[in-house]
Amino acid sequence: MKPENIKILAIAGILGVSISVASLLYQSYFSTSNNNNNSNNNNNNNNNALEPFDTNSQNLTPKGPSSNNNNINNNNNNNNNILKNEIVDIEELNKKCGFCRPELIATDRKPTSQSIHSYDRHFFLCTGIEYDQWQDKYFNTHPFLEKIQSVIKSHKLQFIFNGIDMKSTCQLKNSNDSVVAMDSIDILVFPEQIKIIGVTPDTLDVLLNFYQNSPNASWEQYPDNFKIEMLQSKYIFVCAHKAKDERCGYCGPILVDQLKKEIHLKSLSQDIQVFSSTHVGGHKYAGNALVFPPGHWYGYVTPSDVNAIIDSAQTGQVHHPLHRGTMGEKYDESEKKDNHKGHHKKDHKSKNKEGQQQ
């Protein structure tokens, strides 16, 4: 059996999760260190091929052929130690911020019901920036996004803006189009279920002015200079904002991977798309998954809940055990307080913050 398979099985055995989940944990948190180790080992092997050295000696004097065997044994011992340390690290990380953390597995955990604020419209910014590159404050990730944020802050609207790792049309058409040179993005808008293509800070300002002046107007009344496509797919957005909160950074990528795999197995890849999202509010509920349309929010999602989330995306029906709320529904704030009485104060904000808006 290959060493990497032994690693995956060992991790899966300790955590009691699927091999694919354990593999993703390993890749997400330790790929960098392993790459460095492999690089170092390769460099050592290359050096040994030319003229082996005793790396344990400060004088680095050339050694005979037997030093190769010693190096191999040392490398094997080092790899075994690394594996043991990584398994311990993953186990501790899972208990601290993963699917085995106390706030998720507690029998009296904070209820998910009505844990979002009422809001009427959701914007998803398609930047093509991967989740592991997002800064704590998402809009600071790129100068273009800082301009977008300035426009959003200039309007007092009860809308939510999230970044996702979906690429914009201009990036898909031009493989050489670098994120660094970003000068426009696509935006998905719900409940309209449309994609606005090539949005700049100026056109976003026009769009938000339109909603401010005509809150109940239809998107068909948009100014003529907007290029719009109707969305046919269902979407699942999973908070994976690691720089914002380690619980989301731990749970999110695993759920994205599991959702994509299960959707592929069900031959639903043309019908349901899955993307990583920036902070949606409510770190304590990680994993957080949003289903659009119609805009169902789910919390405490684990890999065992993946099929239920996919079913919700297919049918539009609510999966009540994990339901946090739905876009467009009105919630009584006093009733919410009663439902959450005895628990910690919510960290879920909504007014003009990125990802309830950050």
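Quick note: structure is the one above.
The structure displayed is predicted, hence computed values, not measured ones.

Undergrad: Can you explain the overall build of the protein? Please cite residues and give values.
TA: The secondary structure content of the protein amounts to 10 helices and 10 strands. The 358 residues of the protein split such that 47% are buried. In the structure as shown, the protein presents an accessible area of about 17,900 Å², 47% of it carried by carbon and sulfur atoms.

Undergrad: Summarise the packing of helix α8 (residues 246-265) against helix α9 (residues 306-315); cite the residues concerned and give the values.
TA: Between α8 and α9, whose axes approach to 10 Å, the crossing angle comes to 65°. Relative to α9, the crossing made by α8 is right-handed. Seen from α8, the contacting residues are Gln258, Leu259, Glu262 and Ile263; seen from α9, they are Val306, Asn307, Ile309 and Ile310. Of the residues that constitute the contact of α8 with α9, the class distribution is 5 nonpolar, 2 polar and 1 charged.

Undergrad: How would you explain the nonpolar core if you had to name every residue and give the values?
TA: Core analysis: the biggest nonpolar cluster contains 29 residues, and Phe123, Leu204, Leu208 and Tyr222 have the highest contact counts within it. Where this core is concerned, the elements lending two or more residues are β1 (121-126), α5 (143-153), β2 (159-164), β3 (185-190), β4 (194-199) and α7 (201-213). Core analysis: the second largest hydrophobic core is formed by 27 residues, Leu104, Tyr298, Val301 and Ile309 among them.

Undergrad: Got a sec to walk through the packing of aromatic side chains? Specific residues and values, please.
TA: Enumeration according to the criterion identifies 21 aromatic pairs in this entry. Aromatic ring contacts, followed pair by pair, group Phe123, Phe159, Phe161, Phe210, Tyr211, Tyr222 and Phe226 into a single cluster.

Undergrad: Before we move on, could you go through the packing of α5 against α7 and cite the residues and values that matter?
TA: Relative to each other, α5 and α7 sit at 20°, their axes nearing to 9 Å. Here α5 is positioned roughly parallel relative to α7, judged by the angle of their axes. As for how α5 packs across α7, the hand of that crossing is right-handed. Of the residues in α7, those touching α5 at Phe144, Lys147, Ile148, Val151 and Ile152 are Pro201, Leu204, Asp205 and Leu208. Residue classes in the contact of α5 with α7 are distributed as 7 nonpolar, no polar and 2 charged.

Undergrad: Give a description of the pairing of strand β6 (residues 234-239) that names residues and reports values.
TA: Counting buried residues in β6 gives 5 out of 6 residues, a clear majority hidden from the surface. Following the chain from β6 across α8 to the adjacent parallel strand β7 (residues 272-277), one finds a crossover that is right-handed. In this sheet, strand β8 (residues 289-292) lies alongside β6 in antiparallel orientation, the contact comprising 4 bridges. Within β8, the position partnered with Ile236 by the bridge is Val291.

Undergrad: Outline unusual backbone geometry, supporting the account with residue identities and numerical values.
TA: Look at the link from Ala286 to Gly287: it is a cis peptide, with omega at 0°. Its location among the elements puts Gly287 in the loop between β7 and β8. Backbone geometry at Gln114 places phi at a positive 55°, although glycine is not the residue there. Along the chain, Gln114 falls in the loop between α4 (102-105) and β1. Judged by relative accessible area, which is 15%, Gln114 ranks as buried. Even without being glycine, Gln193 reaches a positive phi, approximately 60°. By secondary structure assignment, the location of Gln193 is in the loop between β3 and β4.

Undergrad: Lay out the pattern of salt bridges with the relevant residues and their values.
TA: In total, this model carries 8 salt bridges according to the counting rule given. For the salt bridge of Lys330 with Asp120, the shortest nitrogen-to-oxygen distance reads 3.2 Å. Highlighted residues: Lys330 in the loop between β10 (323-326) and α10 (333-339) and Asp120 in the loop between α4 and β1, separated in sequence by 210 residues. A relative accessible area of 38% means that Asp120 is categorised as partly exposed.

Undergrad: Requested: an account of α8, with residues and values cited.
TA: Relative to the 28 Å expected for 20 residues at 1.5 Å per residue, α8 spans 29 Å between its end C-alpha atoms, a close match to the ideal helical length. In terms of burial, α8 is a largely internal element, 14 of the 20 residues being buried. You can read the cap of α8 off the contacts: a side-chain oxygen lies 2.9 Å from the backbone nitrogen of Arg247, and it is on Asp245. In the stretch just after α8, Ser267 is the one whose phi turns positive, near 60°.

Undergrad: Break down α7 for me, with residues and values.
TA: Its 13 residues place the ends of α7 18 Å apart at the C-alpha level, agreeing with the 18 Å of an ideal helix rising 1.5 Å per residue. Structurally, α7 contributes buried residues whose contacts are with β1, α5, β2, β3 and β4.

Undergrad: Please set out the environment of Glu146 residue by residue, giving values where relevant.
TA: When you line up the elements, Glu146 lands in helix α5. Assessed through its relative accessible area of 37%, Glu146 is described here as partly exposed. With residues up to four places along the chain from it excluded, the contact list for Glu146 reads Phe139 and Asn140.

Cut-offs used in this document
Residues numbered from 1 in each chain as written. Predicted model: local features only at pLDDT ≥ 70, side-chain atom pairs only at ≥ 80, totals over all residues. Heavy atoms only, no water. Helix = DSSP H or I, 4+ residues; strand = E, 2+ residues; numbered from the N terminus. Buried < 20%, exposed > 50% of the residue type's maximum accessible area, 1.4 Å probe, protein only. Areas by Shrake-Rupley, 256 points an atom, 1.4 Å probe, with all protein chains shown as cover. Axes fitted to C-alpha atoms, helices over the stretch in contact; angles between N-to-C directions. Left-handed = near helix turned anticlockwise from the far one by under 90°. Contact = heavy atoms within 4.5 Å. Nonpolar A, V, L, I, M, F, W, Y, C, P; charged D, E, K, R; others polar. Core = buried A, V, L, I, M, F, W, Y, C linked by side-chain atoms within 4.5 Å. Phe/Tyr/Trp six-rings, centres within 6.5 Å; stacked < 30°, edge-to-face > 60°. Parallel < 35°, antiparallel > 145°, perpendicular 65-115°, else oblique. Right-handed = clockwise from strand over helix to strand, strands pointing away. Pairing = 2+ DSSP bridges. Salt bridge = Lys/Arg side-chain N within 4 Å of Asp/Glu carboxyl O. Expected span 1.5 Å × (residues − 1). Polar contact = N/O pair within 3.5 Å; in protein donor to acceptor, adjacent residues only side chain to side chain.

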